[in-house]
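What the coordinates show
Now for the letters of each chain:
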Amino acid sequence: MHPAPDIAVGVPSPSLARRAVAEALGTAFLLIAVVGSGIAAQRLSPHDTGLALLENAIATGAALVAIILALGPISGAHLNCAVSAVDAALGGLRARELGVYCAAQLCGGIAGTVVANAMYGLVPVTVSHHARGGAGVLLAECVATFGLLLVIAGVTRAGRSGAAPFAVGAYIAGAYFFTSSTSFANPAVTVARSLSDTFAGIAPASVPAFVLMQALGAIAAALAIRFLWPSTTRAGDRPAGTR
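Let me begin by describing the structure that accompanies this report. Note that the structure is predicted; figures quoted are calculated from it, not measured.

1. Concerning the overall build of the protein
If you tally the helices and strands in the protein, you get eight helices and zero strands. Reading the secondary structure of the protein in the N-to-C direction produces α-α-α-α-α-α-α-α. At 17 Å, the protein has a C-alpha radius of gyration in line with the 18 Å of a compact globule built from 243 residues. Reported as C-alpha extents along the three principal axes, the dimensions of the protein are approximately 55 × 35 × 30 Å. Split into buried and exposed, the 243 residues of the protein put 54% on the buried side. At a minimum sequence separation of 6, the contacts of the protein that also span at least 24 residues come to 80%. When the accessible surface of the protein is split by element, carbon and sulfur atoms take 73% of a total near 9,800 Å². Charge-centre separation for the protein: the mean point of 13 positive side chains lies 9 Å from the mean point of 9 negative side chains.

2. Re the side chain of Ser37
Tracing the sequence through the fold places Ser37 in helix α1 (residues 16-44). A distance of 3.3 Å separates a polar side-chain atom of Ser37 from the backbone oxygen of Val34. In this structure, Ser37 is in contact with Ile32, Asn56, Ala59 and Thr60, ignoring residues within four places of it in sequence.

Conventions adopted
- Residues numbered from 1 in each chain as written.
- Predicted model: local features only at pLDDT ≥ 70, side-chain atom pairs only at ≥ 80, totals over all residues.
- Heavy atoms only, no water.
- Helix = DSSP H or I, 4+ residues; strand = E, 2+ residues; numbered from the N terminus.
- Rg over C-alpha atoms; globule rule 2.2 N^0.38 Å.
- Buried < 20%, exposed > 50% of the residue type's maximum accessible area, 1.4 Å probe, protein only.
- Contact = heavy atoms within 4.5 Å.
- Areas by Shrake-Rupley, 256 points an atom, 1.4 Å probe, with all protein chains shown as cover.
- Lys, Arg positive; Asp, Glu negative; His and termini not counted.
- Charge placed at Lys NZ, Arg CZ, Asp CG, Glu CD.
- Polar contact = N/O pair within 3.5 Å; in protein donor to acceptor, adjacent residues only side chain to side chain.

Written out as structure tokens, the structure is:
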């Protein structure tokens, strides 16, 4: 097996079923962290939105590091349809694997949101009324997604995959503040967050535009990665289907 030139964390080789379960569990815990810490932050700092966002960002970034460290060796810990799609575009996943990954991430994300709501005594599914939109916010989603994928690619292609979990966690925590959208940067997370009418929620009507901008950011990132690291983005560098 050749070294994996994908943008994911780690170079796993377990069965697709095991990888799918890892993706579902990882995304579920990511949403538990995002939504759960958002609820806690809103309750702890009800009159200080900035502090609540900081609490949400730190908890999410820290949890993301731990999740990637734990599950990266199994599935690569994509936890994000945009990451999986770019990995597939660069030859890291087959079309079938991409479909399974995205389905697992979406199901896991929804389950994690339900659990987070229930943990805090809320109705398990509460459709969010938090509308998010506007040209600046949508641009931010494109930028956030592009930046996330570029960070993953840069770290792994430099031979520092062990640092990737920390780089990703730091980037997401920072992007909560430097992007006007608070950096969803993840289609599965975006859909799942529409099911919690809390601090981290997003109204269902805002979801399609967010996902579209995330897709545009992913396309731009795939092109940039091919340009910046041409010797490590050829699908032929690795036999199809290996991980």
